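Notes for the structure review
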Amino acid sequence: MSWILALPIAVPFATAVLAFLARHSAAGRWLSVAGNAALLVAAVLLMGTVWNEGVIAAQMGGWPAPFGITLVADLLSGVMVLITAITGLAVSVYALGDINERKEYLGYHALFNVLIAGVCGAFLTGDLFNLYVWFEVMLIASFGLLILGGKPEQIDGGIKYVTLNLVSTILFLSGIGLLYGMTGTLNMADLAQAVDGVENQGLLTVVAMTFMIAFGVKAAVFPLFFWLPAAYHTPAFSVSAVFAGLLTKVGVYALIRMFTLIFDHDTGFTHTILLWVAAFTMVTGVLGAAAQSDFRKILSFHIVSQIGYMILGLALYTPMALVGAVFYLVHHIVVKANLFLIAGVSQRITGGSDVYRIGGLYKSAPLLAVLFIIPAFSLAGFPPLSGFWAKYIIVKAALEAQGWLIAGIALAVGLMTIYSMTKIWAEAFWKAHPDGRQPRLTDMPQAHRRPMLLAIGGLATLTVIIGLVPEPFVQFAERAAAQLLDPAAYVAAVLGDPG
Amino acid sequence: METLLAVTVGILIGAAVYLMLARNVMRFIFGLVLISNAANLIIFTAGRLTPGAPPLIPEGADAPADVVANALPQALVLTAIVIGFGLFAFALVLVFRAYATLGTLESDRMRVAEPDEGAAP
């Protein structure tokens, strides 16, 4: 059983090593694609097992929990690994056209696969200190990817990204130390039980806040998000896409995991803070986006805004709200990664990223326009695309919890998201190019065009499928949310039956 | 002993925050080094201090005979030190590269990625 859990971590690591060895030749990029395809198979296997058998756990090195390091997968972990594999595959295909030979030589494919391994590890681990280690694996790979190429903007954005993420890491580490001091364990399932025995519950709340801030920086919530729009528009487009899709979502996942499994002792306090954080995150993100004119900067601020919806799902802490949060996570990763990939194609054929200085895409590249419309409208929440259902569930949960104000904010932010998407549409797609250029997809060599459009088309298809047939996805999210709200199965799977 | 270490942690964090509030990125990095050592001390102290009792098991026995120091926090700190070392090496090289590329380490003047655009057209 344990190999099913270890595979999604081992496969990308092995791919990274092979890709590093093959960085001098074209074999590296195909190894990356093959490795991510293998990861997808492994993720589907894992998902199938978790779906049929419930939560599964494996003890690494033969040490029984809570002493050894545990890998554990419930439905949330399973689906996050699956969506990571899908994003990884799409971006590695896109990279066939996007990443030049110099970046390949510098180790792009190796770093990319280490990043994917770190993300999968963070989703699968059942040990708090091990989670820290996976965060570090992810961080160091993302540092490398971010500054690969070494343009001045990348170095500048890199400084802000690196320093603020290191601060968050250190807070996380301090939180781990304090929590260990209080409970004497680091196994997450064991912690879920041990926190009830802590005498000073107020102190526990303080530690919970340390974790909230640490993961809040990673998830880019208000007021800790500043590193994100400073950095995400600078690296290669494949890199931004995988960052935008996955990295902040690891922070959201960690928040969801910690604040449903371990820190549920004082939800009146912690989740109220999360509720306000969610509201401010949604609003500042969308307002920030309105002030931007760079394609990727607009999208970066929208990541922040959308994170707010997921946190809102966690903050409301009702079954339906968590269903919404899980559904939103899955929908958002697909859509957001895709929008960054489209931004890449747009820059290649229009020659710019400032939406006011480009244009004409609708007329001369209608295929790209259609491919843009799908994730853009999904992000804004148009029916029948995936974003509509995600927002619908969250807002409905807010109304049922009688959070009239927060539901109103969520709806208003949705409306303003349309404004930003319309801005990109009107400027980059609809109006003529200010230089009189006719940006065509055929301007790119075929060897670049095909993989890039294939990746975008694949993710867009997934968005449409989730939108048209939401029923199985919602049912899935319902089961995942039920597991989150009742961690008994999770604890039993890790620690064995509570005898 | 715990009190002494707790006060040390407090002083380290205070100094680190002071350094990190500076506009010079180099000072920020020094602050990070200090605060990461403070975090290591937190783990170490939180794991309870048992001076003079190394966690050694006598030959032929399965468990230590007496109360011994907790080895887990030490293992955690060791891991954290190693990871931290790698990250700071990277951060220092990055700062050096930033100085070479951007010609400044004043965070107020590092505006290449986010230029002050003024009014949008």
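Structural data are supplied above this passage.
Residues numbered from 1 in each chain as written. Chains lettered and ligands numbered in written order. Predicted model: local features only at pLDDT ≥ 70, side-chain atom pairs only at ≥ 80, totals over all residues. Heavy atoms only, no water.

**Remarks on the overall build of chain B**
Quick reminder of the rule: Only DSSP runs of H or I covering at least 4 residues are called helices, and only runs of E covering at least 2 are called strands; the numbering of each starts at the N terminus. Put simply, the radius of gyration uses C-alpha atoms, and a globule should come to 2.2 Å times the residue count raised to 0.38. Residue burial is assigned from relative accessible area. The probe radius is 1.4 Å, only protein chains are included, and a residue is buried under 20% of its type maximum, exposed over 50%, and partly exposed in between. For this analysis, residues touch if any pair of their heavy atoms sits within 4.5 Å. For accessible areas, the Shrake-Rupley method is used with a probe of radius 1.4 Å. Any residue's cover is judged against the shown protein chains and nothing else. Counting rule applied: Lys, Arg positive; Asp, Glu negative; His and chain ends not counted. One atom stands in for each charge, and that atom is NZ of Lys, CZ of Arg, CG of Asp or CD of Glu.
Assigned secondary structure in chain B consists of 3 helices and 0 strands. In sequence order, the secondary structure elements of chain B are arranged as α-α-α. Taking 14 Å as the expected radius of gyration for a compact globule of 121 residues, we find that chain B reaches 21 Å, considerably beyond that expectation. Projected onto its principal axes, the C-alpha positions of chain B cover 80 × 30 × 25 Å. The proportion of buried residues among the 121 residues of chain B is 34%. Put simply, 52% of the contacts in chain B that link residues at least 6 apart link residues at least 24 apart. When the accessible surface of chain B is split by element, carbon and sulfur atoms take 66% of a total near 7400 Å². Both charge centroids of chain B, one from 6 positive and one from 9 negative side chains, sit 15 Å from each other.

**Focus on the interface of chain B and chain A**
Where the parts come together, the accessible area they lose is often given as the size of the interface. The cut-off we apply is this: Nitrogen and oxygen atoms within 3.5 Å of one another constitute a polar contact, given that in protein one can donate a hydrogen and the other can accept it, and given that sequence-neighbouring residues count only through two side-chain atoms. Charged residues are taken to be Asp, Glu, Lys and Arg, nonpolar residues to be Ala, Val, Leu, Ile, Met, Phe, Trp, Tyr, Cys and Pro, and polar residues to be all remaining types, Gly included.
Of the residues lining the interface, 39 residues belong to chain B; the matching set on chain A comes to 35 residues. Put simply, chain B and chain A have 3 residue pairs in polar contact (both at pLDDT 80 or more) between them. Where the side of chain B that touches chain A is concerned, the elements lending two or more residues are helix H2 (25–46) and helix H3 (71–102) of chain B. Sort the elements by how many residues they give to the side of chain B that touches chain A and H3(B) lands first, with 16 residues. Across the side of chain B that touches chain A, the residue classes tally to 28 nonpolar, 6 polar and 5 charged.

**A short note on a nonpolar patch on the surface**
Condition: Without a salt bridge and with relative accessible area above 30%, a residue can belong to a patch; like charges are then joined within 9 Å and nonpolar side chains (Val, Leu, Ile, Met, Phe, Trp, Tyr) within 5 Å. The term salt bridge refers to a pairing of a side-chain nitrogen on Lys or Arg with a carboxyl oxygen on Asp or Glu at a separation within 4 Å.
Taken together, the side chains of Val17(A), Leu18(A), Phe20(A) and Leu21(A) present a nonpolar region at the surface, about 390 Å² in accessible area. In this structure, Val17(A) sits in helix H1 (residues 2–21).

**Concerning the pairing of strand E2 (residues 69–73) of chain A**
Residues and elements named next belong to chain A. The condition that has to hold: Being paired, for any two strands, means DSSP has found at least two bridges between them.
Along E2, 4 of the 5 residues are buried, which leaves the element largely enclosed by surrounding structure. When strand E1 (residues 56–60) meets E2, the two strands line up antiparallel, connected through 5 bridges. Pairing of Met-60 across the sheet is with Ile-69, part of E2.

**Looking at the packing of helix H1 (residues 2–20) of chain B against H2(B)**
Residue and element names in this part refer to chain B. Our working definition: A fitted line through C-alpha atoms serves as each axis, taken over the contacting stretch for helices, and the angle formed by two N-to-C directions is quoted from 0 to 180°. In what follows, roughly perpendicular refers to angles from 65 to 115 degrees, roughly parallel to angles under 35, roughly antiparallel to angles over 145, and oblique to any angle outside these ranges. We call a crossing left-handed when the near helix sits turned anticlockwise from the far one by less than a right angle, and right-handed when that turn is clockwise.
The interhelical angle for the contact between H1 and H2, taken along N-to-C directions, is 160°, at an axis separation of 8 Å. Taken together, the axes of H1 and H2 are roughly antiparallel relative to one another. Between H1 and H2 lies a crossing whose hand is left-handed. Touching Glu-2, Leu-5, Thr-8, Val-9, Leu-12, Ile-13, Ala-15, Ala-16, Leu-19 and Met-20 of H1 are Arg-27, Phe-28, Phe-30, Gly-31, Leu-32, Leu-34, Ile-35, Ala-38, Leu-41, Ile-42, Phe-44 and Thr-45, all from H2. For the contact of H1 with H2, the class distribution of residues is 17 nonpolar, 3 polar and 2 charged.

**Looking at the nonpolar core**
All names here are of chain A. Definition in use: Side-chain atoms within 4.5 Å are what join buried Ala, Val, Leu, Ile, Met, Phe, Trp, Tyr and Cys residues into a set we call a nonpolar core.
If you look at the biggest cluster of nonpolar residues, it comprises 220 residues, and the most contacted ones within it are Leu-128 and Tyr-161. Of the residues forming this core, the biggest block, 20 residues, is contributed by helix H14 (residues 319–350). Sequence-distant contacts of Leu-128, defined by excluding residues within four places in its chain, comprise Phe-172, Ile-176, Leu-179, Leu-186, Met-188, Leu-191, Phe-211 and Met-258.

**Some points on the packing of aromatic side chains**
All names here are of chain A. Rules: For Phe, Tyr and Trp, rings pair up if their centres lie within 6.5 Å, where Trp contributes its six-membered ring, and each pair is then called stacked (planes under 30 degrees apart), edge-to-face (over 60) or tilted (otherwise). Charge-over-ring contacts are defined here by two conditions on Lys NZ or Arg CZ: a distance within 6 Å of the ring centre and an angle within 35 degrees of the ring normal.
This structure, assessed with the given rule, holds 33 aromatic pairs over all chains. Seen in terms of ring centroids, Phe-135 and Phe-215 are 5.7 Å apart; in terms of plane orientation they differ by 25°. Their pairing is stacked. Pair noted here: Phe-135 is in helix H6 (residues 128–147) and Phe-215 is in helix H9 (residues 201–219), with a separation of 80 residues, a long-range link. As far as burial versus exposure is concerned, Phe-135 and Phe-215 are alike and both buried. On the numbers, 5.3 Å between centres and 65° between planes, the contact of Tyr-161 with Trp-227 is edge-to-face. Taken together, the positions of Tyr-161 in helix H7 (residues 152–183) and Trp-227 in helix H10 (residues 227–231) put the pair 66 residues apart, joining distant regions of the chain. Trp-227 matches Tyr-161 in its accessibility class, with the two residues each being buried. By way of ring pairs, the aromatic residues Phe-129, Tyr-132, Phe-135, Phe-172, Phe-211, Phe-215, Phe-259 and Phe-263 are connected into one cluster. Sitting over the face of the ring of Phe-20, Arg-23 holds its NZ or CZ atom 4.2 Å from the ring centroid.

**Concerning the environment of Ala244(A)**
Residue and element names in this part refer to chain A. Following the sequence through the fold, Ala-244 ends up in helix H11 (residues 237–262). The class of Ala-244 is buried, set by a relative accessible area of 0%. Separated by 208 residues in the primary sequence, Ala-244 and Met-452 have C-alpha atoms spaced 17 Å apart. Sequence-distant contacts of Ala-244, that is, excluding residues within four places in its chain, are made with Tyr-232, Lys-249, Ile-303, His-332, Lys-336 and Phe-340.

**Let's talk about the pattern of salt bridges**
All names here are of chain A. Applying the stated rule across the entire model yields 5 salt bridges over all chains. The partner of Arg-29 in a salt bridge is Glu-104, with the nearest N and O atoms 2.8 Å apart. Within this pair, whereas Arg-29 is found in helix H2 (residues 27–53), its partner Glu-104 is found in helix H4 (residues 101–105), the two being separated by 75 residues in sequence. As far as burial versus exposure is concerned, Arg-29 and Glu-104 are alike and both buried. Residue Arg-257 is joined to Asp-74 by a salt bridge in which the shortest nitrogen-to-oxygen separation is 2.9 Å. With Arg-257 in helix H11 and Asp-74 in the loop between E2 and helix H3 (75–98), the pair connects residues that are 183 residues apart, well separated along the chain. On the basis of relative accessibility, which here comes to 3%, the residue Arg-257 falls in the buried class.

**Re the side chain of Thr248(A)**
Residue and element names in this part refer to chain A. Take Thr-248: it is sitting in helix H11. Separated by 2.8 Å, the side chains of Thr-248 and Lys-249 make a polar contact. Excluding residues within four positions of it along the chain, Thr-248 makes contact with Lys-218, Ala-219, Ala-220, Trp-227, Leu-228, Tyr-232, Phe-243, Ile-303 and Ile-307.

**Structural notes on unusual backbone geometry**
With an omega of -5°, the peptide bond between Phe222(A) and Pro223(A) qualifies as cis. The topology assignment puts Pro223(A) in the loop between H9 and H10. For Tyr317(A), which is not a glycine, the phi torsion comes out positive at approximately 60°. Counting through the fold element by element, Tyr317(A) comes out in the loop between helix H13 (295–316) and H14. In this model, Arg48(B) sits at a positive phi of 70°, which is unusual for a non-glycine residue. Structurally, Arg48(B) is set in the loop between H2 and H3. Note on Arg48(B): relative accessible area 51%, which makes it exposed.

**Some words on the environment of Lys423(A)**
All names here are of chain A. The residue Lys-423 is located in helix H18 (residues 404–430) in this model. Those residues within four positions of Lys-423 in sequence are excluded, and the remaining contacts are Ala-289, Ala-290, Gln-292, Ile-298, Tyr-356 and Ala-428. Polar contacts involving the side chain of Lys-423 include one to the main-chain carbonyl oxygen of Ala-290, which spans 2.9 Å.

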